[in-house]
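# Structure at a glance
What follows is the residue order along each chain.
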Amino acid sequence: MADSLQRVLSIIETMPSISLDEIKALSLLDRLDVKFILHEQQLAQILERLRHQYRVFEINSVRPGRYYTTYFDTPDFTLFHSHHNGLRVRHKVRWRWYIDSNLVFLEVKEKSNRDRTVKTRTMLPAPVQQLHHLDTDWMPPSLTVAPNALQPVVWNRFRRMTLADFERQERITIDIGIEFGRGKEIVALPGLVIVEVKQRKFSLSSPIGRELHRLQLHPTHISKYCVSMAMLYPELKHNRFKPILRRLQEICEG
């Protein structure tokens, strides 16, 4: 298992880089997101064939980058239940610390009734535990939850590789080393990889799309927030997420 991760990291080091200023032009804040889950061994196969097709994001000579995220919800878990119940318009509220660039953003991800993801971001000077003291400019009009009702519920940390292809207007994030937590309780997911293909109009005809298809990997609905909530708050109803939880267990067991 460790060998496959080392192979992934070795391949990433050989790929041409893209800077923060360059990748900002490919932010795709209004986009279609399609996710895939796989094992590090499969990722190594994919990257071996794609190493000359994409550029990899690098900041301060670091690749992959380190991320730490805290998600917020209400005491009765309004946002979680909206996902579990399959509401067409739903939100995630989080701050994310981009450790290697030392930037913190308060982010709201809105899934629209057209299945598009719209993300809004507001820079913060530092991570926060409460949101009610902030200016409400960060809140999109569709988010009706009061800021003083939101509190930290789960966190995650992982390492992320971001690949970019300007010709196809495509950005790909690849998350490894994923861990979820609630306070000091931690759930590790060894070997798991989450690949997210971000495009204005989704197509599997891109190089990574063809490789995912070659390995018979299919789009999967997965939310780190929802999975971590189901794992760390087992008393919450989570029938909708049981199939993905079983699949994650299979991948982590190799």
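Shown above is the structure to which this text applies.
These notes cover the structure that comes with them. (Residues numbered from 1 in each chain as written. Predicted model: local features only at pLDDT ≥ 70, side-chain atom pairs only at ≥ 80, totals over all residues. Heavy atoms only, no water.)

## What about the overall build of the protein chain?
Tallying secondary structure elements over the protein chain gives seven helices and 11 strands in all. For 254 residues, the compact-globule formula gives about 18 Å, and the C-alpha radius of gyration of the protein chain, at 18 Å, lands near that figure. Each principal axis of the C-alpha atoms in the protein chain carries an extent, and together these give about 50 × 40 × 35 Å. Among the 254 residues that make up the protein chain, the fraction classed as buried is 52%. Considering only contacts within the protein chain whose residues lie at least 6 apart along the sequence, 70% involve residues at least 24 apart. Within the structure as shown, the protein chain displays about 12,400 Å² of accessible surface, and the carbon and sulfur contribution to it stands at 50%. Within the protein chain, the 28 negative side-chain charges are centred at a point lying 3 Å from the centre of the 38 positive side-chain charges. (Helix = DSSP H or I, 4+ residues; strand = E, 2+ residues; numbered from the N terminus. Rg over C-alpha atoms; globule rule 2.2 N^0.38 Å. Buried < 20%, exposed > 50% of the residue type's maximum accessible area, 1.4 Å probe, protein only. Contact = heavy atoms within 4.5 Å. Areas by Shrake-Rupley, 256 points an atom, 1.4 Å probe, with all protein chains shown as cover. Lys, Arg positive; Asp, Glu negative; His and termini not counted. Charge placed at Lys NZ, Arg CZ, Asp CG, Glu CD.)

## Some points on the pairing of strand 5 (residues 90-98)
For a regular strand, side chains alternate in direction, first toward one face of the sheet and then toward the other. Within strand 5, seven of the nine residues are buried, leaving the element largely enclosed by the surrounding structure. The pairing of strand 4 (residues 65-73) with strand 5 spans six bridges and is classified as antiparallel. Bridge pairing in strand 5 places Y71 opposite R94. Hairpin connection between strand 5 and strand 6 (residues 103-111): a loop of four residues separates the two successive antiparallel strands, and N102 in this loop has a positive phi of roughly 55°. (Pairing = 2+ DSSP bridges.)

## Details of the packing of aromatic side chains
Enumeration over the complete set of coordinates arrives at eight aromatic pairs. Considering the side-chain rings of Y67 and F158, the 5.4 Å spacing of their centres and the 15° angle between planes classify their relative orientation as stacked. Remark: F158 occurs in strand 8 (residues 151-165) and Y67 occurs in strand 4; sequence separation between them is 91 residues. On the numbers, 5.9 Å between centres and 85° between planes, the contact of Y98 with F105 is edge-to-face. (Phe/Tyr/Trp six-rings, centres within 6.5 Å; stacked < 30°, edge-to-face > 60°.)

## Points about helix 6 (residues 224-232)
Taken across its nine residues, helix 6 has eight buried, putting it largely inside the fold. Looking at helix 6, one finds that the buried residues are K224, Y225, C226, V227, S228, M229, A230 and L232.

## Some points on the nonpolar core
Ranked by internal contacts, the top residues of the largest apolar core, which has 46 residues, are V93, L131, W138, L192, Y225 and M229. Ranked by residue count, the leading element in this core is helix 6, at six residues. Every residue in contact with L131, bar those within four places of it in the chain, is listed here: F72, V93, L106, W138, P147 and L150. Core analysis: the second largest hydrophobic core is formed by 27 residues, V8, A44, I46 and L50 among them. (Core = buried A, V, L, I, M, F, W, Y, C linked by side-chain atoms within 4.5 Å.)

## Concerning helix 5 (residues 207-214)
Along helix 5, the residues that are buried comprise P207, I208, G209, E211 and L212. Looking one or two residues past helix 5, Q216 carries a phi angle of roughly 60°, positive in sign.

## Brief notes about unusual backbone geometry
In this chain, R63 is followed by P64 through a cis amide linkage whose omega measures -5°. Note on placement: P64 falls in the loop between strand 3 (55-57) and strand 4. If you check the backbone angles, N60 has positive phi at about 55° while not being a glycine. Relative to the helices and strands, N60 is located in the loop between strand 3 and strand 4. For N102, which is not a glycine, the phi torsion comes out positive at approximately 55°. Note on placement: N102 falls in the loop between strand 5 and strand 6.

## Some remarks on the side chain of T74
Looking at the secondary structure, you find T74 in the loop between strand 4 and helix 4 (78-84). A polar contact of 2.6 Å, which involves the side chain of T74, links it to the side chain of D76. (Polar contact = N/O pair within 3.5 Å; in protein donor to acceptor, adjacent residues only side chain to side chain.)

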